[in-house]
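# Structure at a glance
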Amino acid sequence: MQKRVKAQMKRKSQFKWKRKLFASILMCLCFGTLVLLMHTHYTRIMTLASIRPQTTIQRPKIAFLFIARNRLPLDMLWDVFFQGGEGKFSIYVHSRPGFLFNKVTTRSVFFLNRQVNDSTQVDWGEATMIEAERILLKHALEDPLNQRFAFVSDSFADTKDGRYNPKMDPVIPVQNWRKGSQWVVLTRKHAEVVVKDDTVFPMFQLYCKRKSLPEFWRDRPVPADNSKEHNCIPDEHYVQTLLAQEGLEGEITRRSLTHSSWDLSSTRDRERRGWHPMTYKYSDATPMLIKSIKDVDNIYYETEYRREWCSSKGNPSPCFLFARKFTRPAALRLLNTTTLELR
């Protein structure tokens with residue numbers, strides 16, 4: 001009986017020992033497998049990290065689009081404006097064909113070699129101005145980070161001044177005719193609409209042409225009866241009419257960003273009367289002028305009999321970010337004016 005009990009105890013002891021051994025081996029296998037999996041996963045991560053380039057945060061930019069005859073007379077003023085904003089903007093310049101922005105033609109490093117290489121000869125009041133805008137937008141759209149395209153805007157408004165040419169109908173119905181300025185600010189979506197347009201632009205080339213200029217501006221013979229001559233300034237209508245034609249007016253903020261002085265009726269200087277806004281001379285560029293422009297907080301639209309109070313993100317704000325037109329001496333004086341906030 002005692003031998004049988006001892007034999008059973010011996011078998012139980014051997015069974016416990018084998019079970020412990022089996023458990024130890026199983027734990028070793030599990031641990032080894034875990035270590036192997038972790039090593040494989042780490043190796044894969046390191047391999048992918050060595051293959052994939054490190055990604056950096058790329059912020060959207062504003063594309064500044066300049067239309068110039070040759071050099072930019074106020075490049076030194078823009079140079080101060082752009083300083084410290086590197087990486088936040090792009091610059092594109094449309095000047096006459098063959099003109100280059102190098103160290104001889106500009107004093108600002110921001111404009112070096114920024115001219116487009118397929119510019120066209122531009123004449124004021126002709127459809128070539130629209131063509132220059134489209135060329136600039138085409139180049140600016142090549143950079144996917146450009147999200148705003150600034151010609152520097154004016155207000156978008158209906159017009160009743162008779163510049164609509166009935167020959168445009170039915171391609172451009174009169175209810176889609178709009179007036180504004182070439183100095184607009186576009187979103188990327190709207191810039192793409194302008195570049196892709198092959199309907200409205202051809203109609204402007206055919207039927208939107210300026211009236212013969214006064215004698216001292218004349219560049220072509222005046223018709224015998226110029227009272228019947230149609231008058232249309234393409235760049236004051238094209239972008240606004242195109243966006244209305246495409247049903248995008250609901251996406252437009254009817255807001256001016258560029259100040260121009262058009263009320264010249266009281267001036268005695270005959271050079272300041274004409275089809276263009278007043279040009280500010282050296283004597284005009286005073287702290288009082290800059291303060292008066294920055295203090296404007298509302299705009300009255302005479303053709304619509306309405307007043308718009310300017311705001312930004314729901315809060316009152318100055319209406320203008322830019323102003324035109326300044327001579328080079330006036331700009332030099334502004335650079336020495338501490339009240340001008342350029343940044």
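Notes on the structure follow. (Residues numbered from 1 in each chain as written. Predicted model: local features only at pLDDT ≥ 70, side-chain atom pairs only at ≥ 80, totals over all residues. Heavy atoms only, no water.)

### As for the side chain of Ser260
The residue Ser260 is located in the loop between strand 5 (258-259) and helix 7 (287-294) in this model. For Ser260, a relative accessible area of 17% corresponds to the buried category. Contacts of Ser260, omitting those with residues within four sequence positions, involve Pro277 and Arg324. (Helix = DSSP H or I, 4+ residues; strand = E, 2+ residues; numbered from the N terminus. Buried < 20%, exposed > 50% of the residue type's maximum accessible area, 1.4 Å probe, protein only. Contact = heavy atoms within 4.5 Å.)

### Side note on the packing of aromatic side chains
One pass over the full model with this rule turns up 21 aromatic pairs. Measuring from centroid to centroid gives 5.2 Å for Phe99 and Phe101, while their planes differ by 80°, and the two rings are edge-to-face. Across the pair, exposure class does not vary: Phe99 and Phe101 are buried alike. These aromatic residues form a ring-pair network of at least three members: Phe64, Phe66, Trp78, Phe81, Phe82, Phe89, Phe110, Phe111 and Phe322. Here Arg114 stacks its cationic end above the ring of Tyr92, 5.4 Å away from the centre of that ring. Just above the ring of Tyr282 sits the side chain of Arg333; from NZ or CZ to the centre is 4.9 Å. (Phe/Tyr/Trp six-rings, centres within 6.5 Å; stacked < 30°, edge-to-face > 60°. Lys NZ or Arg CZ within 6 Å of the ring centre and 35° of its normal.)

### Describing the side chain of Glu236
Within the fold, Glu236 resides in the loop between helix 5 (200-207) and helix 6 (238-245). Polar contacts involving the side chain of Glu236 include one to the side chain of Arg163, which spans 2.4 Å. Setting aside residues up to four positions removed in sequence, Glu236 forms contacts with Arg163, Arg178, Lys179, Gly180 and Ser181. (Polar contact = N/O pair within 3.5 Å; in protein donor to acceptor, adjacent residues only side chain to side chain.)

### Digging into helix 7
If you check which residues of helix 7 are buried, you get Leu289, Ile290 and Ile293. All buried residues of helix 7 fall inside an arc of 95° around its axis, so they share one side. Residues of helix 7 that are exposed and point more than 90 degrees away from the buried face comprise Met288 and Lys291. Elements that come into contact with the buried residues of helix 7 comprise strand 5, strand 10 (322-323) and helix 8 (328-335). (Arc of directions from axis to C-beta.)

### Quick look at the sheet that holds strand 4 (residues 185-187)
One open sheet accounts for four strands, arranged 2-1-3-4; its pairing is mixed. Both outer strands of the open sheet, strand 2 (89-94) and strand 4, are each paired with one neighbouring strand and no more. With strand direction ignored, the average angle separating the axes of adjacent strands in the sheet is 25°. As paired strands, strand 1 (residues 61-67) and strand 3 (residues 146-150) are joined by four bridges and run parallel to one another. (Pairing = 2+ DSSP bridges. Axes fitted to C-alpha atoms, helices over the stretch in contact; angles between N-to-C directions.)

### Brief notes about the nonpolar core
Residues Leu65, Phe149, Phe204 and Tyr238 are the most contacted members of the largest nonpolar core, which totals 37 residues. The greatest single-element share of this core, amounting to seven residues, is contributed by helix 3 (residues 128-140). In this view, Leu65 contacts Tyr92, Leu136, Leu137, Ala140, Phe149, Ala150 and Phe151; residues no more than four positions away in its chain are not counted. (Core = buried A, V, L, I, M, F, W, Y, C linked by side-chain atoms within 4.5 Å.)

### Overview of helix 2 (residues 75-82)
Here helix 2 lies mainly inside the structure; six of its eight residues are buried. Contacts from the buried residues of helix 2 go to strand 1, strand 2, strand 10 and helix 8. Of the residues flanking the end of helix 2, it is Gly84, one or two places downstream, whose phi is positive at about 90°.

### A word on the state of the cysteines
Taken as a whole and judged by the stated rule, the model has two disulfides. Paired by a disulfide, Cys208 and Cys232 hold their sulfur atoms 1.8 Å apart. Across the S-S bond of Cys208 and Cys232 the torsion is about -75°, and the bridge reads as left-handed. Of this pair, Cys208 sits in the loop between helix 5 and helix 6 while Cys232 sits in the loop between helix 5 and helix 6, placing them 24 residues apart in sequence. A relative accessible area of 0% places Cys232 in the buried class. The disulfide bridge from Cys310 ends at Cys319, spanning 1.9 Å between sulfur atoms. (Disulfide = S-S within 2.5 Å.)

### Quick look at the environment of Tyr238
Within the fold, Tyr238 resides in helix 6. A relative accessible area of 1% places Tyr238 in the buried class. When the C-alpha positions of Tyr238 and Lys179 are compared, they lie 7.9 Å apart, and in sequence the two are 59 residues distant. Residue contacts for Tyr238: discarding those within four places in its chain leaves Ile130, Arg134, Val194, Asp197, Val200, Phe201 and Phe204. Side-chain polar atoms of Tyr238 contact the side chain of Arg134, separated by 3.2 Å.

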